[in-house]
Amino acid sequence: MAENKQKIDFTTLWKKDDWMSVWIGFLILIIFMAGASFKLPGWKWMTEGAFFEKAEALPAKAEALAKEAEGKGDPGVQTAVMGLKTALEGKDRKAISDAAGALEKVAKDAKDKDIKKKAEKMGKDIKGDAGNTAGKVFSGENMMRAFWLLIGLWVLGGIGMAIMGLGFGKFTLGFPIVFILSALAFFVAGNSVVNYYGLEVVFWALIFGLIISNFLGVPEWLKTAIKTEFFIKIGLVLLGAEVLFGTIAKVGAYGMIQSIIVILAVFYVCYWVAKKLGLDDEFASILGTAVSICGVSAAIAAGGAVKGDQKKISHTISLVLLCAIPMLIFQPLIAKAVGMLPAVAGAWIGGTIDTTGAVVAAGAIAGEAAMSVAVVVKMAQNVLIGFAAFFLAIWFTFKGQAVGQKPSLMEIWFRFPKFVVGFIIASIVFSFFMNEASAKAVTSVTAGLRGWWFTMAFLCIGLETKFKELIAMGGGRPAAAFLIAQAFNILWTLLFAYLIFGGVLFPTPKF
């Protein structure tokens, strides 16, 4: 049996979603590296009430800027700002948008740098808020973008299904429903009030999926389009292009030092608690990797490395996403309430919250400086996904051998999650073989596409999850292990964020 496992089966290169996700991810990156462009549909919108409530203080700010422009001899900006002030007082959203656009245009020719910066920002911000209406989201132009996006993702997913021999016809029947439900999640998350509270799109996708699964039921014809692992692995390959090795240099060794200390300690605590609660090595490893590194991505990677049960992986992902919501709301509020340094707050948030999107949302609540640190610290953890998967693959390979028998390199390779190879290759190519401008031009589009693959994956997780099964699985022991480890993670990471980023062990970093 062991010898059969060690034989190379080249058909896995096109029959398994582990490899197929790499090829689809690479295809997407190559298309945009070759110069293709695509404008994704926009989902930001603000109600009339929310807009005019926010706009109440703007006339006074506009008048102050007009006086400043007059004092610095810039009549063009002064006139445009006063025009915007008049439009704001008239409470006509279309007129406000037009006046803000005119100010943004005039500001580009301003001679004074300070006036130019302030006027451009005011024009751009107000124009964006005034123009972000539900009507714009459902406009013919935006819906056409959504339609072409549907076609593109449909074709890419269908190609993968056809090559893997997994029912192309049935997949194509259900996929549009997966897309439409994901689009609904984007629409809800795009509301300004919802966005302010950090309730990101993946949260709504999961909620919609859970509601349908638990209260309405999932029809058989839709189940063939629920491809959680395939969708999320494509997204992870695309994420590799965004996790640049050079990004870590922006915080020197600080982020990596904290990441290694936190990951090792939190993984050990979670694994130890899970074993004490009677969980097997496989489940304990998936839970430990998820809570210590970066949640969903790490759970998928660990699950692949240990050849884990898909139900255990989905269970872990559900815990990650549900636990992230209170953390992304309360952690930045606590940081603000106690007057935490932005660098410390960012390192704490980035090191504890287990999804990149939630880290960005929580960082935004804590402040711009905290967000920049949080994102880089999370990036440092993301870089370690591949290493974690590699070591888990080696560990579980040794565990599966008879006493005195050494595992072969082929068995380690058999266990290693192949999509991590795609992640690492994408990261290396975009870090060392592309200049920064070219890399950003590509990832400005692929990051949005990555968000779609992730959102569809989280919707599928919800569609596959039953509350009664979630509660019944392990008698609540996996949830207990995860929550205990997460509590330790919050305190342990706060300690080292303070020591490393607070100027105790090293000089406070400049960002």
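Conventions used here
- Residues numbered from 1 in each chain as written.
- Predicted model: local features only at pLDDT ≥ 70, side-chain atom pairs only at ≥ 80, totals over all residues.
- Heavy atoms only, no water.
- Core = buried A, V, L, I, M, F, W, Y, C linked by side-chain atoms within 4.5 Å.
- Buried < 20%, exposed > 50% of the residue type's maximum accessible area, 1.4 Å probe, protein only.
- Helix = DSSP H or I, 4+ residues; strand = E, 2+ residues; numbered from the N terminus.
- Contact = heavy atoms within 4.5 Å.
- Phe/Tyr/Trp six-rings, centres within 6.5 Å; stacked < 30°, edge-to-face > 60°.
- Patch = residues over 30% accessible without salt bridge, like charges linked within 9 Å, V, L, I, M, F, W, Y side chains within 5 Å.
- Areas by Shrake-Rupley, 256 points an atom, 1.4 Å probe, with all protein chains shown as cover.
- Salt bridge = Lys/Arg side-chain N within 4 Å of Asp/Glu carboxyl O.
- 1 Å grid on protein atoms, 1.4 Å probe; cavity = no way out; pocket = protein on both sides within 12 Å on 5 of 7 lines; lining within 4 Å.
- Points joined across faces, edges and corners; volume = space filled by probe spheres on them.
- Axes fitted to C-alpha atoms, helices over the stretch in contact; angles between N-to-C directions.
- Parallel < 35°, antiparallel > 145°, perpendicular 65-115°, else oblique.
- Nonpolar A, V, L, I, M, F, W, Y, C, P; charged D, E, K, R; others polar.
- pLDDT = per-residue confidence, 0-100.
- Expected span 1.5 Å × (residues − 1).
- Left-handed = near helix turned anticlockwise from the far one by under 90°.

Trainee: How should the nonpolar core be read in this particular structure?
Mentor: Within soluble globular proteins, side chains that are nonpolar generally end up buried alongside one another. Counting 140 residues, the largest nonpolar core has Ile28, Phe231, Trp453, Phe458 and Phe501 as its most contacted members. The biggest single contributor to this core is helix H27 (residues 436-464), with 14 residues. With residues up to four places along the chain from it excluded, the contact list for Phe231 reads Phe171, Phe175, Val178, Ala225, Trp453, Met456, Ala457 and Cys460. The next biggest cluster of nonpolar side chains, apart from the first, holds 27 residues, and it includes Ala55, Ala62, Leu84 and Leu88.

Trainee: I keep staring at the packing of aromatic side chains and nothing clicks. Help me out?
Mentor: Any pair of aromatic rings gets described here by the distance separating the centres and the angle formed by the planes. One pass over the structure, following the stated rule, counts 20 aromatic pairs. Ring geometry for Trp23 and Phe26: centres 6.4 Å apart, planes at 65°, overall edge-to-face. Of this pair, Trp23 and Phe26 both sit in helix H3 (residues 17-33), separated by three residues, roughly a single helical turn. Residue class for Trp23 comes out partly exposed when judged on its relative accessible area of 37%. Relative to Phe231, the ring of Phe230 has its centre 6.3 Å away and its plane inclined at 40°; by these criteria the two rings are tilted.

Trainee: Can you walk me through a nonpolar patch on the surface in this structure?
Mentor: A grouping of Phe10, Trp14, Val155, Ile159 and Ile163 is seen on the molecular surface, where their side chains present a nonpolar patch of about 470 Å² in accessible area. Mapped onto the elements of the fold, Val155 is located in helix H10 (residues 140-164).

Trainee: Would you explain the pattern of salt bridges in this entry?
Mentor: Opposite charge on two side chains permits pairing when their charged atoms draw close. Counted under the stated rule, the structure contains 20 salt bridges. The salt bridge involving Asp114 is made with Lys118; its shortest N-O contact spans 3.4 Å. Residue Asp114 and its partner Lys118 are both found in helix H8 (residues 113-131); the two are separated by four residues, about one turn of the helix. One network of salt bridges, in which partners are shared, links Glu68, Lys72, Asp112, Asp114 and Lys118.

Trainee: Would you take a moment to explain empty space enclosed by the protein for this structure?
Mentor: Empty space among the atoms becomes visible once a probe the size of a water molecule is rolled across them. The full count for this structure, using the stated rule, is two cavities of 30 Å³ or more. The calculated volume of the second largest cavity comes to roughly 40 Å³. With three residues, helix H26 (residues 418-432) is the single largest residue contributor to the lining of the second largest cavity.

Trainee: What exactly am I supposed to notice about the packing of helix H11 (residues 168-189) against H27 here?
Mentor: Helix-helix packing: each pair is described by the crossing angle between the helix axes and the interaxial distance. Between H11 and H27, whose axes approach to 9 Å, the crossing angle comes to 105°. As judged from the angle between their axes, H11 and H27 are roughly perpendicular. Between H11 and H27, the residues in contact are Phe175, Val178, Phe179, Leu181, Ser182, Ala183, Ala185 and Phe186 and Gly451, Trp452, Thr455, Met456, Leu459 and Cys460, respectively. Taken together, the residues of the contact of H11 with H27 sort by class into 11 nonpolar, three polar and no charged.

Trainee: When you look at unusual backbone geometry in this model, what are you seeing that I'm missing?
Mentor: Positive phi, close to 55°, is recorded for Lys91, a residue that is not glycine. With respect to the element layout, Lys91 can be found in the loop between helix H6 (75-90) and helix H7 (93-107). The class of Lys91 is exposed, set by a relative accessible area of 53%.

Trainee: Would you mind going over the confidence of the model for the protein with me for this structure?
Mentor: Reading predicted coordinates in detail is not appropriate for stretches of low pLDDT. Averaged over every residue, the pLDDT of the protein is 83; the share at 70 or more is 88%. Confidence, read as mean pLDDT per element, is least for helix H1 (residues 2-6) in the protein (45) and greatest for H10 (94).

Trainee: Explain the environment of Leu333 here, please?
Mentor: Looking at the secondary structure, you find Leu333 in helix H20 (residues 310-337). Linking Leu333 and Ala362, residues 29 residues apart in sequence, is a C-alpha distance of 8.9 Å.

Trainee: Is there a simple way to think about helix H29 (residues 477-501) in this case?
Mentor: An α-helix turns once per 3.6 residues; consequently, residues spaced three or four apart project the same way. Spanning 25 residues, H29 covers 35 Å between terminal C-alpha atoms, matching the ideal 36 Å at 1.5 Å per step. Of all the positions in H29, only Pro478, Ala481, Phe482, Ala485, Gln486, Asn489, Thr493, Phe496, Ala497, Leu499, Ile500 and Phe501 are classed as buried. Where H29 terminates, the next one or two residues include Gly503, which has phi positive at roughly 85°.

Trainee: Can you help me understand the environment of Ala119 in this one?
Mentor: Within the secondary structure layout, Ala119 lies in helix H8. Owing to a relative accessible area of 0%, Ala119 belongs among the buried residues under this scheme. Sequence spacing of Ala119 and Ala69 is 50 residues, and the spatial spacing of their C-alpha atoms is 9.2 Å. Excluding residues that lie within four positions of it along the chain, Ala119 makes contacts with Leu65, Val77, Leu103 and Ala107.

Trainee: Where do I start with the side chain of Thr228 in this structure?
Mentor: Mapped onto the elements, Thr228 comes out in helix H15 (residues 228-242). A residue is classified by how much of its surface remains accessible, and Thr228, at 3% relative accessible area, is buried. Leave out the neighbours within four places in its chain, and Thr228 touches Ala457, Cys460, Ile461 and Glu464.

Trainee: Just checking my understanding: could you explain the packing of H10 against H27 for this structure?
Mentor: H27 packs onto H10 with a crossing angle of 65° between their chain directions and a minimal axis gap of 12 Å. Put simply, H10 runs roughly perpendicular to H27. For H10 against H27, the interelement crossing comes out right-handed. On H27, the residues touching Leu149, Leu153, Leu156 and Gly157 of H10 are Leu449, Trp452, Trp453 and Met456. Residues belonging to the contact of H10 with H27 are distributed by class as follows: seven nonpolar, one polar and no charged.

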